[in-house]
Amino acid sequence: MSTSNSTLATGRAQETSSKVCAVPASTALPQVPDPRQVAPADARKLSKLLLLRLEALEEGTHEYQYTRNTLIEMNLTLVRYVARRFSSRKESMEDMLQVGTIGLIKAIDRYDATRDVEFTTLAVPYIQGEIKRFFRDTSWSVRLPRRLQELRIDLARAREELEGQGSHEPSVAELADHLDMPEDEVAEGLMACNGYDSDSIDRPIQAGGGGKQQTGLVADLIGTEDPALALAEDIQALKPHLAKLDDRERTLLQLRFGAEMTQAEIGEELGLSQMHISRLLTRICSKLREGLLATA
């Protein structure tokens, strides 16, 4: 019995020894001097290996941080690949790369190696989703509820489909019928579309077939307040008060403000002193001012 127990103990010791010897080989991390210079084909193979190692490492350790950072830097080419799909947008490529990298980091942290799915299958939607979320949150010149932002996309698709069926611009009623929505909601969405983009009023307007002839600025098309509009309103409000003046008072106002004569010239015309003309004009203007303020 003792011989059997000794043999069993020896076998267990040998098994334990073999497992201990296998640990360093299984947890050894490949050293990548410059992760950004790894070829795409090699990056895919190496990423699979590092992702397996990442799941076995304890978060917060030096090995964990090294593996995670290497994965991020090695797959930045994937971020650039996705960002190039949106190169026609006016947003900065640098901004898109930054938000795309956030999506890459989320994909690395949430990847499950046991599901036997390619890392790129998970990473691309994450990167693309972060970039699209960036557009949704920053592209609008006027911040609107997400409901109206999403309605703009539906309206654009509906307009494209309806224009494909006919040559005319679809009406609000046609868009509402196509989307099975109330007309007032469609009208609200069309108005909200104006807040998506903005432009400088100093932008030149181009005309002609080649678009090279400048015909003015956008500001020239924007209406401004007519300074004479307030004056016209004041004149209409003043008319009933002028009608209450006597002939001499109306004559004084006509000579001073209509003929633009000086007080001295009016005095010579009417045979009165300049001081007396001044007092009469002051009294008339005060009377008119009080009448306007009383009716305002």
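See the structure printed just above.
The sections below set out a description of the structure shown in this document. (Residues numbered from 1 in each chain as written. Predicted model: local features only at pLDDT ≥ 70, side-chain atom pairs only at ≥ 80, totals over all residues. Heavy atoms only, no water.)

### Observations concerning the packing of aromatic side chains
Logical step 1: Evaluation of the coordinates by the stated rule reveals 1 aromatic pair.
Logical step 2: An angle of 80 degrees between the planes, with centres 5.7 Å apart, marks the rings of Tyr 111 and Phe 119 as edge-to-face. Across the pair, Phe 119 and Tyr 111 agree in class, each one buried. (Phe/Tyr/Trp six-rings, centres within 6.5 Å; stacked < 30°, edge-to-face > 60°. Buried < 20%, exposed > 50% of the residue type's maximum accessible area, 1.4 Å probe, protein only.)

### Quick look at the packing of helix H10 (residues 227-242) against helix H13 (residues 274-295)
Logical step 1: Relative to each other, H10 and H13 sit at 120 degrees, their axes nearing to 10 Å. By the angle between their directions, the pair H10 and H13 is classed as oblique. H10 and H13 meet at a crossing whose hand is right-handed. Side by side, H10 and H13 meet where Ala 237, Leu 238, His 241 and Leu 242 of the first sit next to Leu 288, Gly 291, Leu 292 and Thr 295 of the second.
Logical step 2: Residue composition of the contact of H10 with H13, grouped by class: 5 nonpolar, 3 polar and no charged. (Axes fitted to C-alpha atoms, helices over the stretch in contact; angles between N-to-C directions. Helix = DSSP H or I, 4+ residues; strand = E, 2+ residues; numbered from the N terminus. Parallel < 35°, antiparallel > 145°, perpendicular 65-115°, else oblique. Left-handed = near helix turned anticlockwise from the far one by under 90°. Contact = heavy atoms within 4.5 Å. Nonpolar A, V, L, I, M, F, W, Y, C, P; charged D, E, K, R; others polar.)

### So, the nonpolar core
Logical step 1: One finds Leu 71, Met 96, Leu 104, Ile 108, Phe 119, Ile 127 and Ile 131 to be the most contacted residues of the largest nonpolar core, which totals 30 residues.
Logical step 2: If you list the elements that add at least two residues to this core, you get helix H2 (40-56), helix H3 (62-74), helix H4 (76-83), helix H5 (93-110) and helix H6 (119-138).
Logical step 3: The biggest single contributor to this core is H6, with 7 residues.
Logical step 4: Look past the residues within four positions of Ile 131 in its chain and what remains in contact with it is Val 82, Ala 83, Phe 86, Met 96, Val 99 and Gly 100.
Logical step 5: Judged by nonpolar contacts, the second largest core, of 11 residues, contains Leu 245, Leu 255, Ile 277 and Ile 284. (Core = buried A, V, L, I, M, F, W, Y, C linked by side-chain atoms within 4.5 Å.)

### Some details on the pattern of salt bridges
Logical step 1: Following the criterion strictly, the structure yields 6 salt bridges and no others.
Logical step 2: Ionic pairing is found between Glu 73 and Arg 36, a salt bridge with its closest N-O pair at 3.9 Å. With a gap of 37 residues between them, Glu 73 in helix H3 and Arg 36 in the loop between helix H1 (2-27) and H2 connect regions that are remote in the sequence.
Logical step 3: Note on Glu 73: relative accessible area 31%, which makes it partly exposed.
Logical step 4: Arg 68 is paired through a salt bridge with Asp 109; the nearest N and O atoms lie 2.9 Å apart. Separated by 41 residues along the polypeptide, Arg 68 in helix H3 and Asp 109 in helix H5 bring together distant segments of the chain.
Logical step 5: Given the relative accessible area of 40%, Asp 109 is considered partly exposed.
Logical step 6: Here the salt bridges share partners, and the residues they tie into one network are Lys 106, Glu 130 and Arg 133. (Salt bridge = Lys/Arg side-chain N within 4 Å of Asp/Glu carboxyl O.)

### Points about the packing of H3 against H5
Logical step 1: The interhelical angle for the contact between H3 and H5, taken along N-to-C directions, is 130 degrees, at an axis separation of 10 Å. Regarding the angle of H3 to H5, the classification is oblique. When the axes of H3 and H5 are compared, the crossing they make is right-handed. Contact with H3, carried on its side by Tyr 64, Arg 68, Leu 71 and Ile 72, involves Thr 101, Leu 104, Ile 105, Ile 108 and Asp 109 of H5 and no other residues of that element.
Logical step 2: Broken down by class, the residue content of the contact of H3 with H5 amounts to 6 nonpolar, 1 polar and 2 charged.

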